[in-house]
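Architecture and fold: a report
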Amino acid sequence: MKLITIIFSSALLLLSGCASKPDFRPATNGSVGYSEQKITDDRYRVQFKSYSKTVADAADFALLRSAQLTQQQGYDWFVVTSKETFVESEKLQPASSVGVSQTRQVERHCGLLTCETYSRPSTQVGVNINAGMGQERKEVHSILEIRLGKGLKPNEDTYSAQDVIDNLGQKLEAE
């Protein structure tokens, strides 16, 4: 019974990891997360890379990182001057596994005066079949080039850094 519990817990943990939202963290060595590159004093290229079934999360997190960067640099707003999105799909292959374990099952029966202990071998077999055939996982890259500014926003295409953080920051809390 203990082995079944461990197998079930492991499967549940793997499934929850696959269904989770993208990780909002700095990317290292091409991993998922955000990165930025300074182009000029007030221009940056911001990239967010994720593995997801949707493209929208990567775009939202690229905007969120742009807003954070805007405030970190002492600016109030930013304008997206260029936007690119790359999606690479990958079919997930069905996976299955079979596990066998041998243990000794110990039973103890106690009466009024004595106890008897019995020990016998016990074999447990576990089978795991992935029914998720045909699912696709997407590697999504959202790349923004932004220009930072202070004071009044020049037009309606301008993002207030604080508004973006207030609205898209809620996605981080839901993770």
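The structure under discussion appears in the preceding block.
**Brief notes about the pattern of salt bridges**
- Considering all chains together, one arrives at three salt bridges under this definition.
- The salt bridge partner of lysine 38 is aspartate 41, with a shortest N-O separation of 3.5 Å.
- Given the relative accessible area of 48%, lysine 38 is considered partly exposed.
- With a shortest N-O distance of 2.9 Å, glutamate 145 and arginine 45 are connected by a salt bridge. Taken as a pair, glutamate 145 in strand 6 (residues 136-149) and arginine 45 in strand 2 (residues 43-52) lie far apart in primary sequence, 100 residues in all.
- You can call arginine 45 partly exposed: its relative accessible area is 30%.

**With respect to the packing of aromatic side chains**
- If you walk through the whole model with that rule in mind, you get five aromatic pairs.
- Centroid distance phenylalanine 24 to phenylalanine 61: 5.4 Å. Interplanar angle 45°. Geometry classified as tilted. One end of the pair, phenylalanine 24, is in the loop between helix 1 (2-19) and strand 1 (33-40); the other, phenylalanine 61, is in helix 2 (residues 56-72), and 37 residues separate them in sequence. The pair phenylalanine 24 / phenylalanine 61 is uniform in exposure class, with both members buried.
- Ring geometry for phenylalanine 78 versus tyrosine 159: centroids 5.1 Å apart, planes at 15°, classification stacked. In this pair, phenylalanine 78 sits in strand 3 (residues 77-91) while tyrosine 159 sits in strand 7 (residues 158-160), placing the two residues 81 residues apart along the sequence.
- For tyrosine 159, a relative accessible area of 31% corresponds to the partly exposed category.

**Describing the pairing of strand 2**
- Sheet topology note: the strand 1/strand 2 ladder contains seven bridges and is antiparallel. Along strand 2, the bridge assignment pairs glycine 33 with lysine 49.
- Here strand 1 hands over to strand 2 after two residues, the two strands then running antiparallel side by side.

Parameters and conventions
- Residues numbered from 1 in each chain as written.
- Predicted model: local features only at pLDDT ≥ 70, side-chain atom pairs only at ≥ 80, totals over all residues.
- Heavy atoms only, no water.
- Salt bridge = Lys/Arg side-chain N within 4 Å of Asp/Glu carboxyl O.
- Buried < 20%, exposed > 50% of the residue type's maximum accessible area, 1.4 Å probe, protein only.
- Helix = DSSP H or I, 4+ residues; strand = E, 2+ residues; numbered from the N terminus.
- Phe/Tyr/Trp six-rings, centres within 6.5 Å; stacked < 30°, edge-to-face > 60°.
- Pairing = 2+ DSSP bridges.

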